[in-house]
Amino acid sequence: MPPLTALSRTGISNVVTKYARLAGLEGVYAHRLRHTLASQVLSAGGTIRQVSELLGHTDPASAMSYARVDMAPLRGMAPPWGRLP
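None of these values were measured; they are calculated from a predicted model.

Novice: Got a minute to help me understand the overall build of the protein in this structure?
Specialist: Tallying secondary structure elements over the protein gives five helices and zero strands in all. Element order for the protein, N to C, with α for helix and β for strand: α-α-α-α-α. Per-residue burial over the protein gives 21% buried out of 85 residues. Taken as a whole, the protein presents about 6,900 Å² of accessible surface, with 61% of it coming from carbon and sulfur.

In structure tokens, the structure reads:
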């Protein structure tokens, strides 16, 4: 029988962890999904305000802790060492 009330944070974490392990994925937790969402929204051109709204934060600064910049695309923009303009 499905739960009759909303899942708690622990309940959500348990479900995510269980099915990640069944899929052969270790180290995947519910909180990591928030980081993934933030990174993907920003990578697709979204704004930190949009991330903030999706994560339910009233202050966009709170969402900054979830935002991770993918360094690989930025490396091509950096000049080679010793060849600064």
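Novice: Help me understand the nonpolar core in this model?
Specialist: It is characteristic of soluble globular proteins that their nonpolar side chains tend to be buried jointly. Residues A38, V41, V51, L55, A63 and Y66 constitute the largest nonpolar core, which totals six residues. Of all the secondary-structure elements, those providing two or more residues to this core are α2 (30–43) and α3 (48–55). Setting aside anything within four residues of it in sequence, one finds Y66 in contact with H31, R34, H35, A38, S39, L55 and H57.

Novice: Would you take a moment to explain the pattern of salt bridges for this structure?
Specialist: Where charged atoms of side chains with opposite charge meet at close range, the side chains can pair. Tallied over the full model, the rule gives one salt bridge. Note that E26 and R21 form a salt bridge whose closest N and O atoms lie 3.5 Å from each other. Overall, E26 belongs to the exposed group, its relative accessible area being 57%.

Novice: For this particular structure, what's the right way to read the layout of surface pockets?
Specialist: By rolling a water-sized probe across the atoms, one finds the places where empty space is left. Considered as a void within the structure, the largest pocket measures approximately 180 Å³ in volume. If you go around the largest pocket, the residues you meet are R9, I12, S13, A30, H31, R34 and Y66. Contributing elements (two or more residues each) for the lining of the largest pocket: α1 (9–22) and α2. Grouping the amino acids of the lining of the largest pocket by side-chain chemistry returns three nonpolar, two polar and two charged.

Novice: Mind showing me how you'd approach the environment of T36 here?
Specialist: As for its placement among the helices and strands, T36 is situated in helix α2. Judged by relative accessible area, which is 35%, T36 ranks as partly exposed. With 30 residues separating them along the chain, T36 and Y66 place their C-alpha atoms 8.2 Å apart.

Rules and cut-offs
Residues numbered from 1 in each chain as written. Predicted model: local features only at pLDDT ≥ 70, side-chain atom pairs only at ≥ 80, totals over all residues. Heavy atoms only, no water. Helix = DSSP H or I, 4+ residues; strand = E, 2+ residues; numbered from the N terminus. Buried < 20%, exposed > 50% of the residue type's maximum accessible area, 1.4 Å probe, protein only. Areas by Shrake-Rupley, 256 points an atom, 1.4 Å probe, with all protein chains shown as cover. Core = buried A, V, L, I, M, F, W, Y, C linked by side-chain atoms within 4.5 Å. Contact = heavy atoms within 4.5 Å. Salt bridge = Lys/Arg side-chain N within 4 Å of Asp/Glu carboxyl O. 1 Å grid on protein atoms, 1.4 Å probe; cavity = no way out; pocket = protein on both sides within 12 Å on 5 of 7 lines; lining within 4 Å. Points joined across faces, edges and corners; volume = space filled by probe spheres on them. Nonpolar A, V, L, I, M, F, W, Y, C, P; charged D, E, K, R; others polar.

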